[in-house]
Amino acid sequence: MKTIIAILAGLLLASVASADDDPQQVIPAGLKMMFERPDKPLDINPVVVQAGWAIVGWRQDGRGGRVLMKKTHHGWSAYLCSGDSLKDAGTLEKLGLPADDAAALAGKLENAEAGLDSSALALFSSFEGTVMLNEASTGAAGGHEGHGL
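How each quantity is defined
Residues numbered from 1 in each chain as written. Predicted model: local features only at pLDDT ≥ 70, side-chain atom pairs only at ≥ 80, totals over all residues. Heavy atoms only, no water. Buried < 20%, exposed > 50% of the residue type's maximum accessible area, 1.4 Å probe, protein only. Helix = DSSP H or I, 4+ residues; strand = E, 2+ residues; numbered from the N terminus. Pairing = 2+ DSSP bridges. Phe/Tyr/Trp six-rings, centres within 6.5 Å; stacked < 30°, edge-to-face > 60°.

## Let's talk about the pairing of strand β3 (residues 63-72)
Alright, step 1. Among the ten residues of β3, seven are classified as buried, and the element is accordingly described as predominantly covered.
Alright, step 2. With eight bridges joining them, strand β2 (residues 53-60) and β3 adopt antiparallel strand pairing. Bridging across to β3, Gly57 finds its partner in Arg66.
Alright, step 3. Between β2 and β3, which pair antiparallel one after the other, the connecting turn spans two residues, and Asp61 there sits at a positive phi close to 55°.

## As for the packing of aromatic side chains
Alright, step 1. In this structure the tally under the stated criterion is two aromatic pairs.
Alright, step 2. Considering the side-chain rings of Trp53 and Tyr79, the 5.8 Å spacing of their centres and the 90° angle between planes classify their relative orientation as edge-to-face. Residue Trp53 is found in strand β2, and its partner Tyr79 is found in strand β4 (residues 75-82); the two are separated by 26 residues along the sequence.
Alright, step 3. Given the relative accessible area of 5%, Trp53 is considered buried.
Alright, step 4. Take Tyr79: its relative accessible area is 3%, and that puts it in the buried class.
Alright, step 5. On the basis of an interplanar angle of 80° and a centroid distance of 6.3 Å, the ring pair of Trp58 and Phe127 is categorised as edge-to-face. Of this pair, Trp58 sits in strand β2 while Phe127 sits in the loop between α5 (118-125) and β5 (131-132), placing them 69 residues apart in sequence.

What follows is the structure, given as structure tokens:
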């Protein structure tokens, strides 16, 4: 049953977006489709993008954090969830982003978050540790990364 649900979710995500769609629309729509519930709305903001990578802030049911996403030939895939570590260009570089892209993405995130209220920033910071979601970009998945948004 879980396999059938996973396949259906993948098909739904594939139908939501093509590779040419705007990541500002595709990423929130895909994450909401996967994680939002009627009693637990999912707030996705900001979404910053640089050269096939994105960082997304999320809040849901009193929790929050940031998601690092990577664009693959399947669309946008969630790579990992974390908190403040994703604000650091050095950390992004260690995760595989080229230095210029890491610095640009961190700068875009800083600018985007400057306009948010302190309660949103506190929720983003509250995510403890790092949870790996997809190791496709490191080659650890053997070229069989999951279908994206």
